[in-house]
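# Examination of the molecular architecture
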Amino acid sequence: MQKLYCYVDESGQDTKGKIFLVSVIIIDKEREEIRKKLEEIEEKSGKRNRKWYKTNNERRLNYIQKIIKSDFLKGRIFYSKYENTKSYVDLTILTAAKAILKNAKDSYETTILVDGLRKSERHYFVLGLRKLKIKIRKVRGVKDENDSFIRLADAVAGFIRDSLEENLKMKNLSKEALDKKIIIVI
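My aim in this report is to walk through the structure given alongside it, one point at a time. Worth saying up front: this structure is predicted, and the values here are computed from it rather than measured. (Residues numbered from 1 in each chain as written. Predicted model: local features only at pLDDT ≥ 70, side-chain atom pairs only at ≥ 80, totals over all residues. Heavy atoms only, no water.)

### Let's talk about the overall build of the protein chain
As a reminder, the rule being used: Numbering of helices and strands runs from the N terminus, with a helix taken as a DSSP run of H or I at least four residues long and a strand as a DSSP run of E at least two residues long. When we talk radius of gyration, it's over C-alpha atoms, and the globule rule is simply 2.2 Å times the number of residues to the 0.38.
When helices and strands are tallied, the protein chain shows six helices and six strands. Listed N to C, the secondary structure of the protein chain is β-β-α-α-β-α-β-α-β-α-α-β in terms of helices and strands. For the protein chain, whose C-alpha radius of gyration is 15 Å, the value lies close to the compact-globule estimate of 16 Å for 186 residues. Counting only C-alpha atoms and orienting by the principal axes, one finds that the protein chain spans roughly 40 × 40 × 30 Å.

### A closer look at the side chain of Lys 47
Formally: Burial classes: relative accessible area under 20% of the type maximum marks a residue as buried, over 50% as exposed, and values in between as partly exposed (1.4 Å probe, protein chains only). Each polar contact in these results corresponds to two N or O atoms within 3.5 Å; when the atoms are within protein, one needs to be able to donate a hydrogen and the other to accept it, and residues that are neighboring in sequence are counted only if both atoms are side-chain atoms. Working rule for contacts: check all heavy atoms of both residues, and any pair within 4.5 Å makes them a contact.
Here Lys 47 shows up in the loop between α1 (31-45) and α2 (57-68). For Lys 47, a relative accessible area of 0% corresponds to the buried category. In this structure the side chain of Lys 47 is engaged in a polar contact, spanning 2.8 Å, whose partner is the backbone oxygen of Arg 50. Other than its neighbours up to four places away in sequence, Lys 47 contacts Glu 42, Thr 55, Arg 59, Tyr 63, Arg 151 and Ala 155.

### A closer look at the pairing of strand β2 (residues 19-27)
Here is the rule: Strand pairing is defined by DSSP finding a minimum of two bridges between the two strands.
Among the nine residues of β2, nine are classified as buried, and the element is accordingly described as predominantly covered. Here β2 shows two buried faces, one formed by Ile 19, Leu 21, Ser 23, Ile 25 and Ile 27 and the other by Phe 20, Val 22, Val 24 and Ile 26. Pairing of β2 with strand β3 (residues 77-83), which is carried by seven bridges, proceeds in the antiparallel orientation. The partner of Val 24 across the bridge, within β3, is Phe 78.

### Quick word on the side chain of Asp 162
With respect to the helices and strands, the residue Asp 162 is situated in helix α5 (residues 148-164). There is a polar contact of 3.2 Å between the side chain of Asp 162 and the side chain of Arg 60. Filtering out sequence-adjacent residues up to four positions away, Asp 162 remains in contact with Trp 52, Arg 60, Asn 167 and Met 170.

### Structural notes on the packing of aromatic side chains
Quick note on the threshold: Aromatic rings from Phe, Tyr and Trp, taking only the six-membered ring of Trp, are treated as a pair when their centres fall within 6.5 Å; an angle between ring planes under 30 degrees marks them as stacked, one over 60 as edge-to-face, and anything in between as tilted. In this analysis the charged atom, NZ for Lys or CZ for Arg, is taken to sit over a ring once it is within 6 Å of the ring centre and within 35 degrees of the ring normal.
Counted under the stated rule, the structure contains two aromatic pairs. Plain terms: the ring middles of Phe 20 and Tyr 88 are 4.8 Å apart, the flat faces sit at 45° to each other, and that makes the pair tilted. On the criterion of sequence distance, the pair formed by Phe 20 in strand β2 and Tyr 88 in helix α3 (residues 88-103) is long-range, its members being 68 residues apart. Relative accessible area serves as the criterion here: at 0%, Phe 20 is assigned to the buried category. Sitting over the face of the ring of Tyr 5, Arg 31 holds its NZ or CZ atom 3.7 Å from the ring centroid. Lying over the aromatic face of Tyr 63, Lys 47 brings its terminal NZ or CZ to 4.9 Å of the ring centre.

Given below as structure tokens:
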């Protein structure tokens, strides 16, 4: 049986629905090896375990450049962009489901970790995923400072948002990441 790990974060609730981004990291095999590589990138870039918005621009740029050069992440990073909506939880569920189904084989189960998911939202999240035919092992909320994969999802959401807000360096890097299929729009 294939075991998938799905790490989810979002950006844009502060825009009151104008723009909403959901990023998803899907890991199956080699999870601990990839985690070590991510932590090395965090350390070398100077980003360390900081949230995207708490990291200065030079470290953000350095981190994202290293992520884009990392072939071990190819096909594992996804995002969706939504506009003029406040259906945050539903769109987070939908984006997670699309990323999972893009990676799932016939026999699989998924552990889903969502940044900031409250206990009161967990049941709704599970029901939404089950309606979309996702095979779930576990769903739980996490804090992004505690896990390198959630920190990556946080960084991807922040990076894509920066690129959409006309940060030219981030916009060029976003195009490169999409062209290389390091990051995939779903």
